[in-house]
Amino acid sequence: MRVFVTGVKGQLGYDVMNELEKQGLEGIGVDIDEMDITDADQVNKVIKEAAPDAVIHCAAYTAVDAAEDNEEICRKVNAQGTENIAKVCEELDIKMMYISTDYVFNGQGERPWEPDDKREPLNVYGQTKYEGELAIEEHVKKFFTVRIAWVFGVNGKNFIKTMLNLGKTHDHLTVVNDQTGSPTYTYDLARLLVDMIQTDKYGRYHATNEGICTWYEFACEIFKQAGMNVSVAPVSSDEYPAKAKRPSNSRMDKSKLTANGFTPLPTWQDALSRYLKEIEY
């Protein structure tokens, strides 16, 4: 099976390419230098030349706060870029997997979001990812939309690396305690995505590591596992005003994974412990 992967310089795309190789599948990876997803003609040419059996679309504009000031470029990448790829997949009649986000929901309440819940994005980033979902649903018959949250991987920046770096220069930190979700290791996620793309169990899914926490609880566990003596105090999001509104509830219902025979991801604590062994800090 030949799988075309976008965004291979990012945390997830990088791990998806490694996982394809591990499973003996052929991965064709591109990033912006090889294919600008906002250029429809280029997308058409590059994907057709690669002649894949499936596309895993990881590339995205993910700078959530910057998106508020750069709505046009964010939409061009997340909505139009996704539609460009979807149209080629439609023409070739191949599978397409779109990596989406919990930000398509309104972030309220405490109930875990289910894959078919109403989508009401809170910010520009969430809105453009939602528009990407609509493009897939409109054009692709064989589609997987996989919503993820709180991602960390070896390749690129993330919350864990930020905390570890701050912990080297600070004895005391404050971290928000009123946003709840599940940290997600791209290594674990990549395995699930590659397993999934080999099936015909299409539709919308949620995929994160098991267990939930707040960012404050996540930070405490990071320092504990890293053996760093840093005290962390919980604060409300009001103390860290950000350009883009953040969801307070990022809990995701993942029961559809098991219902379709996919193995749930390990706990986030287990993922964190394996991740810390992989990185230098």
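Just so you know, these numbers come straight off a predicted model, no measurement behind them.

1. A closer look at the UniProt feature "domain: RmlD-like substrate binding" (unreviewed entry) in the protein chain
In this structure's numbering, the residues bearing the UniProt feature "domain: RmlD-like substrate binding" (unreviewed entry) are residues 1-279. Summarising residues 1-279: 42% helix, 18% strand, and an end-to-end C-alpha distance of 31 Å.

2. A closer look at the sheet that holds strand E5 (residues 143-148)
The strand order E2-E1-E3-E4-E5-E10 describes an open sheet built from 6 strands, whose pairing is parallel. For this open sheet the edge positions go to strand E2 (26-30) and strand E10 (203-206), each flanked by a neighbour on one side alone. The mean inter-strand angle of the sheet, taken between neighbouring strand axes irrespective of direction, is 20°. Note that E5 and E10 share 4 bridges and pair parallel. The residue bridging Val146 from the neighbouring strand is Tyr205, located in E10. Each of strand E1 (2-6), strand E3 (54-57) and strand E4 (95-101) touches helix H4 (residues 71-92); the most contacted strand, E4, lies at about 165° to it.

3. Quick look at the packing of helix H1 (residues 11-22) against helix H7 (residues 186-197)
The geometry of H1 relative to H7 is characterised by a closest axis approach of 8 Å and an angle of 55° between their N-to-C directions. It follows that H1 is oblique to H7 by the angle criterion. The element H1 and its partner H7 pack so that their crossing is right-handed. Contacts between H1 and H7 involve Gln11, Leu12, Asp15, Val16, Glu19, Leu20 and Lys22 on the former and, on the latter, Thr186, Tyr187, Leu189, Ala190, Arg191, Leu193 and Val194.

4. Considering the side chain of Lys129
On the secondary structure map, Lys129 appears in helix H5 (residues 124-139). Buried within the structure, Lys129 lacks any salt-bridge partner; its nearest side chain of opposite charge belongs to Glu133, at an N-O separation of 7.8 Å. Of the polar contacts made by the side chain of Lys129, one reaches the backbone oxygen of Ile99; its length is 2.8 Å. The residues touching Lys129, leaving out its near neighbours within four places in the chain, are Ala60, Asn78, Tyr98, Ile99, Ser100, Thr101 and Val104.

5. Let's talk about the environment of Thr169
Its location among the elements puts Thr169 in helix H6 (residues 159-169). Relative accessible area serves as the criterion here: at 62%, Thr169 is assigned to the exposed category. In this structure the C-alpha to C-alpha distance between Thr169 and Val230, which are 61 residues apart in sequence, comes to 9.7 Å.

6. A few points about unusual backbone geometry
Of note in this structure, Ala51 is not a glycine but carries a positive phi near 45°. Within the secondary structure layout, Ala51 lies in the loop between helix H2 (40-50) and E3. What makes Ala51 partly exposed here is its relative accessible area of 47%. The phi torsion at Trp150 lies on the positive side, around 50°, for a residue other than glycine. On the secondary structure map, Trp150 appears in the loop between E5 and strand E6 (151-152).

7. Brief notes about the environment of Trp113
Examined against the element boundaries, Trp113 turns out to sit in the loop between E4 and H5. Given the relative accessible area of 8%, Trp113 is considered buried. It is 8.8 Å that separates the C-alpha atoms of Trp113 and Lys254, two residues lying 141 residues apart in sequence. Setting aside anything within four residues of it in sequence, one finds Trp113 in contact with Phe105, Asn106, Gly107, Gln108, His206, Asn249, Arg251, Met252 and Asp253. Here the side chain of Trp113 touches Asn249 through a polar contact of 2.9 Å, landing on its backbone oxygen.

8. Remarks on the pairing of E1
Counting buried positions along E1 yields 4 of 5 residues, so the element is predominantly enclosed. The pairing of E1 with E2 spans 5 bridges and is classified as parallel. In the strand pairing of E2, Phe4 is matched with Ile28. As a crossover connection, the stretch from E1 through H1 into E2 is right-handed. Alignment of E1 against E3, held across 4 bridges, turns out to be parallel. Bridge pairing links Val5 to Ile56 in E3.

9. As for the state of the cysteines
Taken as a whole and judged by the stated rule, the model has 0 disulfides. Here Cys74 stays free of any disulfide, with the sulfur of Cys58 as its closest cysteine sulfur at 17 Å. Here Cys89 stays unpaired: no disulfide links it, and the sulfur of Cys58, its closest cysteine neighbor, is 13 Å away.

Conventions adopted
- Residues numbered from 1 in each chain as written.
- Predicted model: local features only at pLDDT ≥ 70, side-chain atom pairs only at ≥ 80, totals over all residues.
- Heavy atoms only, no water.
- UniProt positions renumbered as here; feature names shortened; annotations may be inferred.
- Helix = DSSP H or I, 4+ residues; strand = E, 2+ residues; numbered from the N terminus.
- Pairing = 2+ DSSP bridges.
- Axes fitted to C-alpha atoms, helices over the stretch in contact; angles between N-to-C directions.
- Contact = heavy atoms within 4.5 Å.
- Parallel < 35°, antiparallel > 145°, perpendicular 65-115°, else oblique.
- Left-handed = near helix turned anticlockwise from the far one by under 90°.
- Buried < 20%, exposed > 50% of the residue type's maximum accessible area, 1.4 Å probe, protein only.
- Lys, Arg positive; Asp, Glu negative; His and termini not counted.
- Salt bridge = Lys/Arg side-chain N within 4 Å of Asp/Glu carboxyl O.
- Polar contact = N/O pair within 3.5 Å; in protein donor to acceptor, adjacent residues only side chain to side chain.
- Right-handed = clockwise from strand over helix to strand, strands pointing away.
- Disulfide = S-S within 2.5 Å.

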